[in-house]
Amino acid sequence: MKKIFLTTAIAALLSVNVFAADGGKRVDGGTNVSYVALHGFTVDFADAKDVNWTVTKNCQKATFTVDGVRKTAFYNLNGEYLGVTQRVDPKAIPAKTMKQINKDYAGYQIGEVIVYQANTDVNSNIDQTSYFVDLKNDAHEVLVRITQQANLEFFQQVK
């Protein structure tokens, strides 16, 4: 469920153009990761351990651990760094937004909370920091986004 939640959130969040990556390097069982992404990752996350790469039709992602924290870095198909996600405690949700969640989504339980730190140099139309919160009740599951200004937005119906 965690992988589905994370993949859904990021795939919907990232609107990247699809370009063929020039060249490529085989990593983790034959996944083609561009040299630019590999090099950028090595520079940006030099202390990363247990790195696992996945390439989709829209992006390249590296899941890894730094200082005991599991993170996922995203790169477009040109190898440009898009941002990084990590799971956080629901206590990271601003109090104002938590009140709004309790009001607008009464009866829902908070599942995972993921923070996304975007590279605004690649896309200046996106908040530098966003939180994605998985909310569930017996019949539905939704994903909401908390903006940098602590505003709550419906993001996606999951179930």
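For the structure, see preceding data.
Here's a quick rundown of the structure. (Residues numbered from 1 in each chain as written. Predicted model: local features only at pLDDT ≥ 70, side-chain atom pairs only at ≥ 80, totals over all residues. Heavy atoms only, no water.)

On to the nonpolar core, then. One finds Phe41, Phe45, Trp53, Phe64, Ala73 and Tyr75 to be the most contacted residues of the largest nonpolar core, which totals 14 residues. The set of elements that each furnish at least two residues to this core consists of helix 2 (35–44), strand 4 (60–66), strand 5 (69–75) and strand 6 (81–88). Leaving out residues up to four positions away in the same chain, alanine 73 has contacts with Phe41, Phe45, Gln60, Lys61, Ala62, Phe64, Tyr81, Gly83 and Val84. By size, the runner-up hydrophobic cluster in this structure holds 11 residues, among which are Tyr105, Val113, Leu135 and Ile146. (Core = buried A, V, L, I, M, F, W, Y, C linked by side-chain atoms within 4.5 Å. Buried < 20%, exposed > 50% of the residue type's maximum accessible area, 1.4 Å probe, protein only. Helix = DSSP H or I, 4+ residues; strand = E, 2+ residues; numbered from the N terminus. Contact = heavy atoms within 4.5 Å.)

This part is about the environment of glutamine 86. Turning to its location among the elements, glutamine 86 is positioned in strand 6. Taking the relative accessible area as the measure of exposure, glutamine 86 reaches 24% and is therefore partly exposed. For the pair glutamine 86 and threonine 65, spaced 21 residues apart in sequence, the C-alpha to C-alpha distance is 10.0 Å. Dropping the residues within four chain positions of it, glutamine 86 is found in contact with Val69, Arg70, Lys71, Val113, Ile114 and Val115. Within the structure, glutamine 86 has its side chain in polar contact with the side chain of lysine 71 (distance 3.5 Å). (Polar contact = N/O pair within 3.5 Å; in protein donor to acceptor, adjacent residues only side chain to side chain.)

Summed over all chains, the structure comprises 4 salt bridges. With a shortest N-O distance of 3.7 Å, aspartate 134 and lysine 136 are connected by a salt bridge. With a shortest N-O distance of 2.8 Å, arginine 145 and glutamate 153 are connected by a salt bridge. On the accessibility criterion, arginine 145 (11% relative accessible area) is buried. Overall, glutamate 153 belongs to the partly exposed group, its relative accessible area being 33%. Each member of the salt-bridge network shares a partner with another, and the members are Asp127, Arg145 and Glu153. (Salt bridge = Lys/Arg side-chain N within 4 Å of Asp/Glu carboxyl O.)

Tracing the backbone shows aspartate 89 in the loop between strand 6 and helix 3 (95–104). Taking the C-alpha atoms as reference points, aspartate 89 and valine 115, separated by 26 residues in sequence, lie 9.8 Å from one another. Within the local environment of aspartate 89, its side chain forms a polar contact with the backbone nitrogen of lysine 91, the two atoms lying 2.8 Å apart.

The subject of this paragraph is the packing of aromatic side chains. For the structure shown, the criterion picks out 9 aromatic pairs. Here the aromatic rings of phenylalanine 41 and phenylalanine 45 are separated by 5.3 Å at their centres, their planes lie at 35°, and the arrangement is tilted. Assessed through its relative accessible area of 15%, phenylalanine 45 is described here as buried. Measuring from ring centre to ring centre gives 5.5 Å for tyrosine 75 and tyrosine 81, while their planes differ by 55°; the resulting arrangement is tilted. Pair check on accessibility: tyrosine 75 and tyrosine 81 agree, each one buried. Through a chain of ring-to-ring contacts, the aromatic side chains of Phe41, Phe45, Trp53, Phe64, Tyr75 and Tyr81 assemble into a single cluster. (Phe/Tyr/Trp six-rings, centres within 6.5 Å; stacked < 30°, edge-to-face > 60°.)

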